[in-house]
Amino acid sequence: MIRLAQPEDIDAVEDIYNLIHDEEENGNMQIGWLRNVYPVRNTALDALKRRDLFVEEVSGNIVASAIINQLQVPEYADCKWENQVPDENIMVLHTLTVSPKIKGNGYGKAFVEFYENYARKHGCSYLRMDTQSKNIFARKFYNKLGYSEPGVVYCVFNGIPNVELVCLEKKLP
């Protein structure tokens, strides 16, 4: 079940962030995030306050999280998006995480489907998100789900230097 996060979910979300940082530091994943920089507990807390942090709960355990809103990061202005539409028609997915302990079970795909349905319910036909160029797994995953890569923005992103930010988009039917 995917639902709006509650204060009692923050520890579990932070645990997923830390597990991902562990996997990256051990060379098992290549995402491009940095421990103590992004994502951190305050990433989740800020989203909780805005009421745009969602979690996926299975058998009482939080297995995935994401931030869903219409806030486009400033770096998006440097992308040549295929679809030039008013901001109010765009929904954005940020910081999709799935616990490395249970990855490969369809939780990420379920979250993206939730995101797309959430966008439809809120009158948004255009979807945007991003990932780092080195996150090959995410890029292939999103491509399989119909997302295109209209551009790469070179920047400092969420406090992480030297990022090649791959912008992704999709127009819903």
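Above this note sits the structure.
Here the structure is a predicted model, which means the values were calculated and not measured.

(A) Spotlight on the overall build of the protein chain. Helix and strand counts for the protein chain come out as four helices and seven strands. Reading the secondary structure of the protein chain in the N-to-C direction produces β-α-α-β-β-β-α-β-α-β-β. For 173 residues, the compact-globule estimate of 2.2 N^0.38 gives 16 Å, and the protein chain sits close to it at 15 Å. Counting only C-alpha atoms and orienting by the principal axes, one finds that the protein chain spans roughly 40 × 35 × 30 Å. Looking at the protein chain residue by residue over its 173 residues, the buried ones come to 50%. Long-range pairs, those at least 24 residues apart, make up 66% of the contacts in the protein chain between residues at least 6 apart in sequence.

(B) View of the pairing of strand β3 (residues 61-69). Where burial is concerned, most of β3 is hidden: eight out of the nine residues are buried. As judged from the six bridges shared by strand β2 (residues 53-58) and β3, these two strands associate in the antiparallel manner. From the neighbouring strand, F54 faces β3, where its bridge partner is A66. Counting the residues between successive antiparallel strands, the hairpin from β2 to β3 contains two residues, one of them, S59, with a positive phi of roughly 50°. Examined bridge by bridge, β3 and strand β4 (residues 90-98) share five bridges and lie antiparallel to one another. Residue pairing for β4: A64 is matched across the bridge by V98.

(C) A look at the packing of aromatic side chains. Evaluated as defined, the whole model comprises nine aromatic pairs. Measuring from ring centre to ring centre gives 5.4 Å for F54 and F114, while their planes differ by 55°; the resulting arrangement is tilted. Of this pair, F54 sits in strand β2 while F114 sits in helix α3 (residues 107-121); the two residues are 60 residues apart in sequence, bridging distant segments of the chain. Overall, the relative accessible area of 5% leaves F54 in the buried class. Where Y142 meets Y147, the ring centres are 6.0 Å apart and the plane angle is 70°; that geometry is what we call edge-to-face. For the pair Y142 and Y147, a shared accessibility class is recorded, and that class is buried. The lysine or arginine in question, R128, covers the ring of W81, its NZ or CZ lying 4.0 Å from the ring centre.

Conventions and cut-offs
- Residues numbered from 1 in each chain as written.
- Predicted model: local features only at pLDDT ≥ 70, side-chain atom pairs only at ≥ 80, totals over all residues.
- Heavy atoms only, no water.
- Helix = DSSP H or I, 4+ residues; strand = E, 2+ residues; numbered from the N terminus.
- Rg over C-alpha atoms; globule rule 2.2 N^0.38 Å.
- Buried < 20%, exposed > 50% of the residue type's maximum accessible area, 1.4 Å probe, protein only.
- Contact = heavy atoms within 4.5 Å.
- Pairing = 2+ DSSP bridges.
- Phe/Tyr/Trp six-rings, centres within 6.5 Å; stacked < 30°, edge-to-face > 60°.
- Lys NZ or Arg CZ within 6 Å of the ring centre and 35° of its normal.

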